[in-house]
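If you want the building blocks of each chain, they are given just below.
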Amino acid sequence: MPRRRQRHMAGSGSDGTEDSDSSAEREQTNSSESDGNIHKRQRLTRASTRLSQSSQDTPDLKRAADHDESPPLTPTGNAPSSESELDISSPNASHDESQAKDQGSRDLDKDLSHRPKRRRCHETYNFNMKCPTPGCNSLGHLTGKHERHFAVSGCPLYHNLSADECKVKAISREKQEEEIKVQEETNSRHATRHQIPTSKQSKYKEQVAEMRKGRNSGLQKEQKEKHMAHRQTHGNTREPLLENITSDYDLELFRKAQARASEDLEKLRIQGQISEGSNMIKTILFGRYELDTWYHSPYPEEYARLGRLYICEFCLKYMKSQTILRRHMAKCVWKHPPGDEVYRKGSISVFEVDGKKNKIYCQNLCLLAKLFLDHKTLYYDVEPFLFYVMTEADNTGCHLVGYFSKEKNSFLNYNVSCILTMPQYMRQGFGKMLIDFSYLLSKVEEKVGSPERPLSDLGLISYRSYWKEVLLRYMCNFQGKEISIKEISQETAVNPVDIVSTLQSLQMLKYWKGKHLVLKRQDLIDEWKAKEIKRGNSNKTIDPSSLKWTPPKGT
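The present account deals with the structure reproduced in this document. None of the values given here were measured: they were computed from a predicted structure.

1. Remarks on a negative patch on the surface
Consideration 1: On the surface, Glu174, Glu177, Glu178 and Glu179 cluster together into a patch of negative charge.
Consideration 2: Looking at the secondary structure, you find Glu177 in helix α6 (residues 163-189).
Consideration 3: Note on Glu177: relative accessible area 48%, which makes it partly exposed.

2. Points about the packing of aromatic side chains
The description of an aromatic ring pair rests on the distance of the ring centres and on the angle between the ring planes.
Consideration 1: Throughout the structure, instances matching the rule amount to 13 aromatic pairs.
Consideration 2: Where Tyr303 meets Tyr318, the ring centres are 5.0 Å apart and the plane angle is 90 degrees; that geometry is what we call edge-to-face. Linking Tyr303 in helix α10 (residues 301-304) with Tyr318 in strand β4 (residues 318-319), this pair joins segments that are 15 residues apart in sequence.
Consideration 3: Ring centres 5.4 Å apart and planes at 15 degrees place the aromatic pair Tyr439 and Tyr466 in the stacked group. One end of the pair, Tyr439, is in helix α13 (residues 430-445); the other, Tyr466, is in helix α14 (residues 457-477), and 27 residues separate them in sequence. The residues Tyr439 and Tyr466 share a single accessibility class, namely buried.
Consideration 4: One aromatic cluster is present, built from ring pairs that chain together Tyr343, Tyr388, Phe404 and Phe437.
Consideration 5: Between the NZ or CZ atom of Lys320 and the centre of the ring of Tyr303, over which it lies, the distance is 5.2 Å.

3. Considerations on a positive patch on the surface
Consideration 1: Together, Lys317, Arg326, Arg327 and Lys331 make up a positively charged patch on the protein surface.
Consideration 2: Among the secondary structure elements, Arg327 is positioned in helix α11 (residues 322-331).

4. Observations concerning the sheet that holds strand β2 (residues 289-292)
The strands making up a sheet are joined through hydrogen bonds of the backbone, oriented either antiparallel or parallel.
Consideration 1: The 4 strands lie next to each other as β2-β1-β3-β4, forming an open sheet whose pairing is mixed. Only two strands of the sheet have a single neighbouring strand rather than two, namely β2 and β4.

5. Topic: the environment of Lys169
Consideration 1: Looking at where Lys169 falls in the secondary structure, it is placed in helix α6.
Consideration 2: Sequence spacing of Lys169 and Leu142 is 27 residues, and the spatial spacing of their C-alpha atoms is 9.3 Å.
Consideration 3: The residues touching Lys169, leaving out its near neighbours within four places in the chain, are Leu161 and Glu252.

6. Thoughts on the side chain of Thr391
Consideration 1: When you line up the elements, Thr391 lands in strand β7 (residues 385-394).
Consideration 2: Ignoring any residue separated from it by four or fewer positions in sequence, one finds Thr391 in contact with Pro337, Ser347, Ile348, Ser349, Phe351, Cys398, His399, Leu400 and Val401.

7. Concerning helix α15 (residues 485-492)
Consideration 1: By the burial criterion, the buried members of α15 are Ile488, Ser489 and Thr492. Angularly, the buried residues of α15 cover 100 degrees about the axis, an arc narrow enough to put them on a single face. α15 presents Lys486, Gln490 and Glu491 as exposed residues on the side facing more than 90 degrees away from its buried surface.

8. Here's the deal with the sheet that holds strand β10 (residues 418-421)
Consideration 1: Spatial strand order, β5-β6-β7-β8-β10: 5 strands in an open sheet with antiparallel pairing. The open sheet has two edge strands, β5 (340-345) and β10, and neither has a second partner. Each adjacent strand pair in this sheet contributes to an overall mean axis angle of 20 degrees, direction not counted.

9. Remarks on the packing of α13 against α14
Consideration 1: Taken N-terminus to C-terminus, the directions of α13 and α14 make an angle of 65 degrees; their axes are 10 Å apart at the nearest point. Note that α13 runs across α14; the crossing there is right-handed. Counted together, Lys432, Ile435, Asp436, Ser438 and Tyr439 of α13 and Ser462, Tyr463, Ser465, Tyr466, Trp467 and Glu469 of α14 form the full contact between these two elements.
Consideration 2: Considering only residue class, the contact of α13 with α14 consists of 5 nonpolar, 3 polar and 3 charged.

10. A word on the environment of Ala209
Consideration 1: For Ala209, the location among the structural elements is in helix α7 (residues 199-211).
Consideration 2: Between the alpha carbons of Ala209 and Tyr249 there is a distance of 9.8 Å; along the sequence they are 40 residues apart.

11. Digging into unusual backbone geometry
A negative phi angle characterises most non-glycine residues, just as the trans form characterises most peptide bonds.
Consideration 1: Cis geometry is adopted by the peptide bond preceding Pro454, which originates at Arg453 and carries an omega value of 0 degrees.
Consideration 2: Along the chain, the position of Pro454 falls in the loop between β11 (450-451) and α14.
Consideration 3: The backbone of Ser138 sits at a positive phi, close to 70 degrees, despite the residue not being glycine.
Consideration 4: For Ser138, the location among the structural elements is in the loop between α5 (95-114) and α6.
Consideration 5: Judged by relative accessible area, which is 1%, Ser138 ranks as buried.
Consideration 6: Positive phi outside glycine occurs at Glu446, with the angle close to 60 degrees.
Consideration 7: By the element assignment, Glu446 lies in the loop between α13 and β11.

The rules behind the values
- Residues numbered from 1 in each chain as written.
- Predicted model: local features only at pLDDT ≥ 70, side-chain atom pairs only at ≥ 80, totals over all residues.
- Heavy atoms only, no water.
- Patch = residues over 30% accessible without salt bridge, like charges linked within 9 Å, V, L, I, M, F, W, Y side chains within 5 Å.
- Areas by Shrake-Rupley, 256 points an atom, 1.4 Å probe, with all protein chains shown as cover.
- Salt bridge = Lys/Arg side-chain N within 4 Å of Asp/Glu carboxyl O.
- Lys, Arg positive; Asp, Glu negative; His and termini not counted.
- Charge placed at Lys NZ, Arg CZ, Asp CG, Glu CD.
- Helix = DSSP H or I, 4+ residues; strand = E, 2+ residues; numbered from the N terminus.
- Buried < 20%, exposed > 50% of the residue type's maximum accessible area, 1.4 Å probe, protein only.
- Phe/Tyr/Trp six-rings, centres within 6.5 Å; stacked < 30°, edge-to-face > 60°.
- Lys NZ or Arg CZ within 6 Å of the ring centre and 35° of its normal.
- Pairing = 2+ DSSP bridges.
- Contact = heavy atoms within 4.5 Å.
- Arc of directions from axis to C-beta.
- Axes fitted to C-alpha atoms, helices over the stretch in contact; angles between N-to-C directions.
- Left-handed = near helix turned anticlockwise from the far one by under 90°.
- Nonpolar A, V, L, I, M, F, W, Y, C, P; charged D, E, K, R; others polar.

Next comes the structure, spelled out in structure tokens:
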């Protein structure tokens, strides 16, 4: 048998062994090649061992390979073989050497598998985002614990610091926290023995009092000029200089609070609850509800960049944290909207709020509504409008359900400028109640009303449903033979244009022999009757007798 064929057959063994006859023949013919290959295998084994040791110390495979001058690794962690170097299944390898080499490869694979994986940068940071502070490169963090930042709350430059200064302050704060923790553990251990302040606590209290003596002395002339120059140079893009305004002790307490708040915001950003560098409020805490927002609202930047807002459900004041909200709720005297209560039936009430008399409340209401409305553009110019706020009362107060606004003097007879039902009260019939109440006011004013365009998607659906219900109810109660659009409009206070569009959508308006005819479709009327019976005596309807309202003067 030719030698080349014998070599191929021997190399096909799975355990790397060979027959004694063929091995003896190959040892005679390839003795010189065997010596060279053995030296190469030994060199490879030593290089693999050094590589496995260095892989535990350095995470970069390329550096370890260059340092040890070993062959490049394959994805499995093994050194690749070639015709010019070593063939793993070489027939010249003995059984013991093959096992040793295989064991070394397995150890190398094991070392590589247990080595910690390198995190990619985009898993933690988005390098396309930048800090909004002018001149900032987004490096460093106010807490001193992160390499980058994307919001003003974590910007060292905004706080008139450098990244290195933030790191030094972070180390100092950690040491102080450790000392305080040890002291607290000691005090708790001996709490039953010492009911009065210890000598160390009394001494510390005297030191704090001494440091706070000069905090109200005011700024000197040079310091004032320095502060004014800083303000004129940077404006609102930098934090005002805080040195010499108060004591060093109080200033350090304020810096600690800033760093802690920035760290909490960073945790929320990593968890995905707030977005990097955006001014989009993601959620609001409103009463006992936590609501996800739908659209951007132009809240002040220092509030919008938080991502989460806390709003008092009675006075609609917005705050930055739950602690501030809790303190506010403890002293807030409001339990219902300002203005006059013009409607009450059961637990449902409607308050008329004048935008001129209660400007702040109405502005806050508009900012809140913009979080859930796409086409709203009015936020601060609220004086020409009246706001009708619907609430649901319980033993804690009157909770906001929804509202609509209308112009005091509308030349186009718009009875609604903006309308909103809060998300937690949607799909419960309150939207139709608000629409029905707006048309009830139009009836009292003896006017024909229509909502201001454009309507939002949900608003258009609600109005079409309301117009359909009004027309079917009118058709069901109508006993005459001839009917006119004008009569329907006068009876329901719905604009004729809205009536015609609704009739066309219901296929109840036909053109025959030069005239427009209104068809009385009994199938739609029967369907509406069935829904009314199934709905029963619901309290989600407006009772005209419960309205106590007269049109404002000048309208």
